[in-house]
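Architecture and fold: a report
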Amino acid sequence: MNYIKAPEFQNGGMLLEVLVTLIVLAIGLLGLAGLQTRLQAAEMESYQRAQAILLLNDMANRIQVNQNAATTYVTGETYGAGGACPAAGETQQERDLSEWCLALQGAAEKSGGSDVGAMVGGRGCIESLGVNRYMITVVWQGLTPISVPPESVSCGAGLYDSAETNCSGDLCRRAITTVVTYRDWE
């Protein structure tokens with residue numbers, strides 16, 4: 001039996017190929033881990049925006065249903081995180097504002113005794129834009145700095161700066177607005 005001996009200069013070549021393959025694989029896995037982290041942040045941002053839209057539409061519908069008392073919804077208050085919600089009183093407007101405030105604070109879902117059913121730091125404002133026109137705004141804490149909402153959106157301004165997330169100058173404040181308009185048919 002004749003054995004073929006490999007030339008001296010090829011010894012260890014296979015080991016070097018395996019090491020290069022492992023390095024390429026490790027870099028690929030690190031890239032996947034980074035992508036997964038960014039996807040989770042984007043998913044959270046998307047979830048918070050969806051919750052904000054639901055709460056925005058909720059209040060818009062409440063005002064539309066109670067058009068006769070629509071002006072009483074404009075109180076100059078910011079509802080939601082960072083404050084106590086008004087008590088549910090006798091009028092429909094008082095009940096609506098109380099329920100909306102609790103929803104902004106996340107009362108729809110609990111985890112370990114904490115309200116977690118809404119956006120991080122969710123707040124809402126209702127402003128009058130003239131006769132029978134109302135702007136409803138929902139704001140919340142974003143995860144990463146992107147851009148400042150327009151100056152016309154003052155709800156929650158200056159309340160979302162955080163040194164931990166490099167958020168300053170309202171770069172992490174997210175805002176969504178809608179305008180409710182109705183005609184007085186009388």
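Below is a summary of the structure that appears in this document. (Residues numbered from 1 in each chain as written. Predicted model: local features only at pLDDT ≥ 70, side-chain atom pairs only at ≥ 80, totals over all residues. Heavy atoms only, no water.)

A few points about unusual backbone geometry
- The phi angle at N132 is positive, at roughly 60°, despite the residue not being glycine.
- Overall, the relative accessible area of 15% leaves N132 in the buried class. (Buried < 20%, exposed > 50% of the residue type's maximum accessible area, 1.4 Å probe, protein only.)

Notes on the nonpolar core
- Core analysis: the biggest nonpolar cluster contains 23 residues, and M59, I63, W100, M119, I136 and V138 have the highest contact counts within it.
- Of all the elements in the fold, those that place two or more residues in this core are α1 (13-65), α2 (92-104), β5 (133-141) and β6 (173-181).
- If near-sequence neighbours (up to four positions away) are discounted, I136 is found in contact with L56, M59, A60, I63, W100, C125, I176, T177, T178 and V180. (Core = buried A, V, L, I, M, F, W, Y, C linked by side-chain atoms within 4.5 Å. Helix = DSSP H or I, 4+ residues; strand = E, 2+ residues; numbered from the N terminus. Contact = heavy atoms within 4.5 Å.)

Considering α1
- Over its 53 residues, α1 runs 78 Å from end to end, which matches the ideal 78 Å to within 8%, given 1.5 Å per residue.
- Within the sequence span of α1, burial applies to E45, Q48, Q51, A52, L55, L56, M59, A60, R62 and I63.
- Those residues of α1 that are buried lie in contact with α2, β4 (123-130), β5 and β6. (Expected span 1.5 Å × (residues − 1).)

Some words on the side chain of Q51
- Relative to the helices and strands, Q51 is located in helix α1.
- Given the relative accessible area of 17%, Q51 is considered buried.
- Not counting residues up to four positions away in its chain, the partners in contact with Q51 are G117 and M119.

Here's the deal with the state of the cysteines
- Inspection of every chain in the model, using the stated rule, returns three disulfides.
- Here C85 is linked by a disulfide to C101, with a sulfur-sulfur distance of 2.0 Å. Its torsion about the S-S bond being -80°, the disulfide of C85 and C101 is classed as left-handed. Taken as a pair, C85 in the loop between β1 (79-80) and α2 and C101 in helix α2 lie far apart in primary sequence, 16 residues in all.
- In this structure C85 comes out as partly exposed when scored by relative accessible area, which is 21%.
- On the basis of relative accessibility, which here comes to 1%, the residue C101 falls in the buried class.
- Between C167 and C172 runs a disulfide, and the two sulfur atoms are separated by 1.7 Å. Looking down the S-S bond of the C167 and C172 bridge, the torsion is -50°, so its handedness is left-handed. Here C167 and C172 have matching classes, each one buried.
- Bonded cysteines in the protein are paired 1-2, 3-4, 5-6 when counted in the order they occur along the chain. (Disulfide = S-S within 2.5 Å.)

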